[in-house]
Amino acid sequence: METSSYDQLKMQLDAAESALKAIRQGSVDTIIGDQDRLVVRLAESEDREAHLKQTLLSIRNVNRLIVTEDDPGSLIQKACENLTSTMGYFNAWIALVDENHQSVNLTGAAGFKTGFTPMIESLKQDGFPFCMLHTLKTDVLVVTEDPAATCSDCPLSGNYEGYSALSHRLEHEGTVFGMLAVSVPAHFAHDSEEQDLFVEVAMDLGFALSKIETGRALRESEKRYRSLFEFMDEGFLRADGNGTITMANRAIALMCGYESAEEMIGLAMTTLYAD
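The text that follows walks through the structure, step by step, so that each part is easy to find. Values in this document were obtained by computation on a predicted structure and should not be read as measured data.

1. Describing helix α5 (residues 130–137)
Note: α-helices contain 3.6 residues per turn, so residues at a spacing of three or four share the same orientation.
Part 1: By the burial criterion, the buried members of α5 are Cys 131, Met 132, Thr 135 and Leu 136. All buried residues of α5 fall inside an arc of 125 degrees around its axis, so they share one side. Turned more than 90 degrees away from the buried face of α5, the exposed residues are Phe 130 and Lys 137.

Printed below as a string of structure tokens:
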């Protein structure tokens, strides 16, 4: 009796899974037999799934960091460390630029065997490498197939052998803060899910940098306002709905016979009119 096509396929799949299991366990180190093409496909699929899980873990760690970090230098350095710690990315670096995109203010990096110092020195002496110039000018993902061969002006190119680079500028609502670059195995560089995850983390970092900048601007504004308020010549105070003083400056404190404005905070307004 002739074996049905379904039975043939099932036998082929079973054999392929057995071969793949043997490879995983180290029992064999070569793929042999008629089922080799299916084994290769299963191995590639498993490799991709494992890599995406590592990438997702990296992004989850970065998102946790975004919620708590309020210093841009610490944010970008820790972000690079998180992106590489799970091996989701082989290496990662971030450069933050000034508002005119002419110079670098801060850098963060992780995963470079030769260290990141050569890039820092190059940024100071030679300006931005081509990959950075290109990334800052566009709002889409930039894929560099073989940085080791094509990025001759980059002092880090030797770290990319066998890897491709993904880069994206960090921005939020039209403000560009800098760029993020990572390396991935070359066969993942054009994977749509891989690219989407990378763009997502770049957008999240752009939002975080915007949040930090906005918070810093508010604090500076409040500081200037408080300084002006405290040292103005006119007396000023503020009370809540219950008539309790919540703000007072030095001038009003002196007018009311107090040595400092702090003494008035928490008092009832009626105290000022008492006989």
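Having put the structure on the table, let's press on.
2. Digging into the sheet that holds strand β3 (residues 142–144)
Part 1: Spatially, 5 strands are ordered β2-β1-β5-β4-β3 in an open sheet, and the strand pairing comes out antiparallel. In the strand order of this sheet, the two ends are held by β2 (104–110) and β3, each with one partner. Each strand axis lies, on average, 15 degrees off the axis of its neighbour in the sheet, ignoring direction.

3. A short note on the packing of aromatic side chains
Part 1: Tallied over the full model, the rule gives 5 aromatic pairs.
Part 2: Ring plane angle 15 degrees and centroid distance 4.5 Å describe the contact between Phe 90 and Tyr 163, whose orientation is recorded as stacked. Of this pair, Phe 90 sits in the loop between α3 (72–85) and β1 (92–97) while Tyr 163 is found in strand β4 (residues 163–172), placing the two residues 73 residues apart along the sequence.
Part 3: Taken together, a centroid distance of 5.7 Å and an interplanar angle of 45 degrees make the contact between Trp 93 and Phe 116 tilted. Taken together, the residues span a long stretch of sequence, with Trp 93 in strand β1 and Phe 116 in the loop between β2 and α4 (117–125) at a distance of 23 residues. Phe 116 shares its class with Trp 93; the two are buried.
Part 4: Every member of this aromatic cluster is reached through a ring pair, and the members are Trp 93, Phe 112, Phe 116 and Tyr 160.

4. A word on α4
Part 1: Residues of α4 that are buried: Met 119, Ser 122 and Leu 123. Here the buried residues of α4 occupy an arc of 100 degrees about the axis, which is enough to place them on one side. Exposed and oriented more than 90 degrees from the buried face of α4 are Lys 124 and Gln 125.
Part 2: Phi turns positive one or two residues past the end of α4, at Gly 127, with a value near 85 degrees.

5. Notes on the pairing of β4
Part 1: Burial analysis of β4 places 8 of its 10 residues in the buried class, the great majority of the element.
Part 2: Relative to β4, β3 is paired through 3 bridges, and the arrangement is antiparallel. Within β4, the residue paired with Val 142 across the bridge is Ser 167.
Part 3: In this structure, β4 lies alongside strand β5 (residues 175–185), joined through 10 bridges in antiparallel fashion. Its bridge partner lying in β5, His 168 is registered against Leu 180.
Part 4: If you look at the hairpin formed by β4 and β5, you'll find 2 residues sitting between the two strands, and Glu 173 has a positive phi there, around 50 degrees.

Rules of the game
- Residues numbered from 1 in each chain as written.
- Predicted model: local features only at pLDDT ≥ 70, side-chain atom pairs only at ≥ 80, totals over all residues.
- Heavy atoms only, no water.
- Buried < 20%, exposed > 50% of the residue type's maximum accessible area, 1.4 Å probe, protein only.
- Helix = DSSP H or I, 4+ residues; strand = E, 2+ residues; numbered from the N terminus.
- Arc of directions from axis to C-beta.
- Pairing = 2+ DSSP bridges.
- Axes fitted to C-alpha atoms, helices over the stretch in contact; angles between N-to-C directions.
- Phe/Tyr/Trp six-rings, centres within 6.5 Å; stacked < 30°, edge-to-face > 60°.

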